[in-house]
Number of protein chains: 2
Amino acid sequence: MITVLRIGHRPERDKRITTHVSLVARAFRADKILVDTSDRELEANFNGVNDRFGNGVILETGISWRKVLKEWEGTIVHLTMYGMELEEAVASIKAIQDNNDILVVVGAEKVPGDVYKIADFNVSVGNQPHSEVAALAIFLDRIFEGRALRNFEGKMKIIPSNEGKKVVEE
Amino acid sequence: MITVLRIGHRPERDKRITTHVSLVARAFRADKILVDTSDRELEANFNGVNDRFGNGVILETGISWRKVLKEWEGTIVHLTMYGMELEEAVASIKAIQDNNDILVVVGAEKVPGDVYKIADFNVSVGNQPHSEVAALAIFLDRIFEGRALRNFEGKMKIIPSNEGKKVVEE
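J.: Talk me through the overall build of chain A; I want residue IDs and the actual numbers.
T.: Along the backbone of chain A there are six helices and eight strands. Relative to the 2.2 N^0.38 estimate, which gives 15 Å for 170 residues, the radius of gyration of chain A is 16 Å and therefore close to what a compact globule would have. By the burial criterion, 45% of the 170 residues in chain A qualify as buried. In chain A, the proportion of contacts linking residues at least 24 apart, taken out of those at least 6 apart, comes to 81%.

Laid out in structure tokens, this is it:
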């Protein structure tokens with residue numbers, strides 16, 4: 001089980017980035033997405049995608065991230081450009097026995113210092129500033145060894161094509 | 001040489017997503033980023049990162065995307081969730097001889113139909129809705145066989161660490 005925890009979400013400012021983070025978590029095989037700040041519009045957008053393209057991933061907003069971190073019983077991974085190198089971290093994470101519940105913490109701009117301390121692994125997807133959306137995708141892709149991308153059974157199904165849009169609707 | 005072309009950029013609405021697209025292009029080994037709509041603030045943000053973390057990637061805004069597509073002499077790849085499967089596309093792209101100049105087109109919400117036609121490859125990073133930021137990162141990661149992430153020589157250098165922030169400033 002992989003849960004993604006988005007912290008520092010500001011609905012006015014971060015709506016689109018947090019939507020991208022959530023949809024990446026969904027498409028790249030996470031099971032659950034937790035967002036600290038309550039955001040009904042984000043939930044509605046996300047559930048709209050689930051409704052059209054297939055269910056199976058849960059998004060909850062308005063949760064206490066401190067409580068989630070404190071009570072987490074599995075491995076906590078914090079994605080940050082200051083973290084240890086990706087390949088080394090992924091090897092260590094995979095080497096953990098009984099590693100059934102990974103929490104992946106994805107911060108917005110400022111992440112409180114105690115997140116670095118409580119995380120088992122602070123992991124960087126490169127040590128250059130870029131994007132938490134890309135960092136999450138690459139991390140999940142490495143964890144699932146290039147097989148993270150997921151298919152869903154939904155009302156809408158896209159047929160891969162080099163020509164243009166081919167969509168099957170139920 | 002890899003150039004990323006961002007089309008449909010609306011400065012008020014897409015500033016942060018286009019910033020993420022641009023920084024991902026920079027960090028994942030693209031050489032140049034072209035953005036259709038003129039956006040001085042985006043340029044200033046991007047050049048600020050170059051200035052602090054190391055130069056070597058150029059971002060230009062206010063370019064005619066139709067002209068760029070029309071005059072491009074190398075391979076044109078359009079990232080879209082309707083496209084052909086990633087692994088198949090990457091194998092075909094790599095098989096092209098003299099493949100020195102790849103243009104990667106990354107659209108915002110609506111992409112005009114002629115982009116699908118002019119592209120040599122319409123490529124999907126999964127056929128689920130998620131994020132053009134993640135799609136670009138995964139595509140470049142596959143093109144560079146997992147070695148896309150780039151180091152730069154800049155005034156600021158982050159030292160990878162599992163403990164917290166270690167930054168060396170010149």
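Now that the structure has been shown, the text picks up again.
J.: How would you explain the sheet that holds strand E1 (residues 2-7) of chain A if you had to name every residue and give the values?
T.: Residue and element names in this part refer to chain A. Spatial ordering of the open sheet is given by E3-E2-E1-E5-E4-E6, a layout of six strands whose pairing is parallel. This sheet does not close on itself; its edge strands, each paired only once, are strand E3 (58-61) and strand E6 (121-124). Geometrically, the sheet is characterised by an average inter-axis angle of 25 degrees between neighbouring strands, direction not taken into account. Pairing of strand E4 (residues 75-85) with E6 involves five bridges; the strand directions are parallel.

J.: Report on the packing of helix H1 (residues 11-27) of chain B against helix H6 (residues 132-143) of chain B, specifying residues and quantitative values.
T.: All names here are of chain B. Close contact between H1 and H6 brings their axes to 9 Å; oriented N to C, the two are set at 5 degrees. When the axes of H1 and H6 are compared, the pair comes out roughly parallel. The residues of H6 that touch H1, namely those facing Ile17, His20, Val21, Val24 and Ala25, are Glu132, Val133, Leu136 and Ala137. Split by residue class, the contact of H1 with H6 holds seven nonpolar, one polar and one charged.

J.: Could you give an account of the relation of the copies chain A and chain B, naming the residues involved and the relevant values?
T.: Rotating chain A by 180 degrees about the axis while translating it 0.0 Å along that axis superimposes it on chain B, leaving an RMSD of 0.0 Å. The relationship between the two copies is best expressed as a two-fold rotation axis. Taking C-alpha positions as the reference, the residue of chain A nearest the rotation axis is A:Ala134, at 2.2 Å. By residue overlap, the copies meet face to face through one surface: 100% of the interface positions of chain A are interface positions in chain B.

J.: Pulling in residues and values, what's your account of the nonpolar core?
T.: Ranked by size, the top nonpolar core spans 98 residues in total, and within it A:Val104, A:Leu136, B:Val104 and B:Leu136 carry the most contacts. Excluding its chain neighbours within four sequence positions, the residues that come into contact with A:Val104 are A:Ile2, A:Val4, A:Leu5, A:Val77, A:Leu79, A:Leu136 and A:Phe139.

J.: An account of the sheet that holds strand E5 (residues 102-107) of chain B is requested, with residue identities and associated values reported.
T.: Residues and elements named next belong to chain B. Strand order in the open sheet formed by six strands is E3-E2-E1-E5-E4-E6, with parallel pairing between adjacent strands. Strand pairing shows two members of the sheet lacking a second neighbour, strand E3 (58-61) and strand E6 (121-124), which therefore form its edges. On average, adjacent strands in this sheet sit at an angle of 25 degrees to one another, irrespective of strand direction. Running over the sheet, helix H4 (residues 86-95) touches strand E4 (75-85) and E6 and is turned about 165 degrees from E4. Contacting strand E1 (2-7), E4, E5 and E6, H6 runs over the sheet at an angle of about 160 degrees to E5.

J.: How would you explain the interface of chain A and chain B if you had to name every residue and give the values?
T.: Facing the 38 residues of chain A at the interface are 38 residues of chain B. Elements supplying a minimum of two residues to the side of chain A that touches chain B: helix H1 (11-27), helix H2 (40-53), E4, E6 and helix H6 (132-143) of chain A. Counting residues per element, the side of chain A that touches chain B draws most heavily on H1(A), which supplies six residues. Here the residues of the side of chain A that touches chain B sort into 20 nonpolar, 12 polar and six charged.

J.: I'd like to hear about the environment of B:Pro160, residue by residue, with values.
T.: Considering the arrangement of structural elements, one finds B:Pro160 in the loop between strand E7 (156-158) and strand E8 (167-169). A sequence separation of 48 residues divides B:Pro160 from B:Pro112, and the C-alpha atoms of the two residues are 42 Å apart. Discounting residues that sit within four places of it in the chain, B:Pro160 has contacts with A:Gly83, A:Met84, A:Glu85, A:Ser124 and A:Asn127.

J.: Would you mind going over the packing of H1(A) against H2(A) in detail, with residue names and values included?
T.: Residue and element names in this part refer to chain A. Running from N to C, H1 and H2 cross one another at 35 degrees; their axes reach a closest spacing of 10 Å. As for the relative orientation of H1 and H2, their crossing is right-handed in sense. From H1, Lys15, Thr18, Thr19, Ser22 and Leu23 reach across to H2, where they touch Glu41, Leu42, Asn45, Phe46 and Val49. When its residues are assigned to classes, the contact of H1 with H2 shows four nonpolar, four polar and two charged.

Scoring rules and cut-offs
Per chain, residues are indexed from 1 in the order of the written sequence. All chains are assigned letters beginning at A, and all ligands numbers beginning at 1, according to the order in which they are written. Under the rules for a predicted model, residues below a pLDDT of 70 receive no local features and side-chain atom pairs below 80 are neither given nor counted, while totals for whole chains, interfaces and linings still include all residues. In this text, helices come from DSSP runs of H or I with a minimum length of four residues, and strands from runs of E with a minimum of two, each type numbered from the N-terminal end. Atoms considered for the radius of gyration are the C-alpha atoms alone. The globule rule reads 2.2 Å times the number of residues to the power 0.38. With C-beta atoms placed from the backbone, a residue counts as buried when 20 or more other C-beta atoms lie within 10 Å of its own, as exposed when 12 or fewer do, and as partly exposed for counts between those limits. A pair of residues counts as a contact when their C-beta atoms, built from backbone coordinates, are within 7 Å of each other. For two strands to be treated as a pair, DSSP must find at least two bridges joining them. Between N-to-C directions, angles span 0 to 180 degrees; the directions come from axes that are lines fitted to C-alpha atoms, helices contributing only their stretch in contact. Orientation is classified from the angle alone, with under 35 degrees giving roughly parallel, over 145 giving roughly antiparallel, 65 to 115 giving roughly perpendicular, and any other angle giving oblique. Here the term charged refers only to Asp, Glu, Lys and Arg, the term nonpolar to Ala, Val, Leu, Ile, Met, Phe, Trp, Tyr, Cys and Pro, and the term polar to all other amino acids, Gly among them. Copy-to-copy superposition: least squares on the C-alpha atoms, limited to residues that have pLDDT of at least 70 in both copies. The term nonpolar core means buried Ala, Val, Leu, Ile, Met, Phe, Trp, Tyr and Cys residues held together as one set by C-beta atoms within 7 Å. Each crossing is labelled by how the near helix is turned from the far one, with a counterclockwise turn of less than a right angle marking it left-handed and a clockwise turn marking it right-handed.

Purely geometric stuff here, so don't read any function into it on its own.
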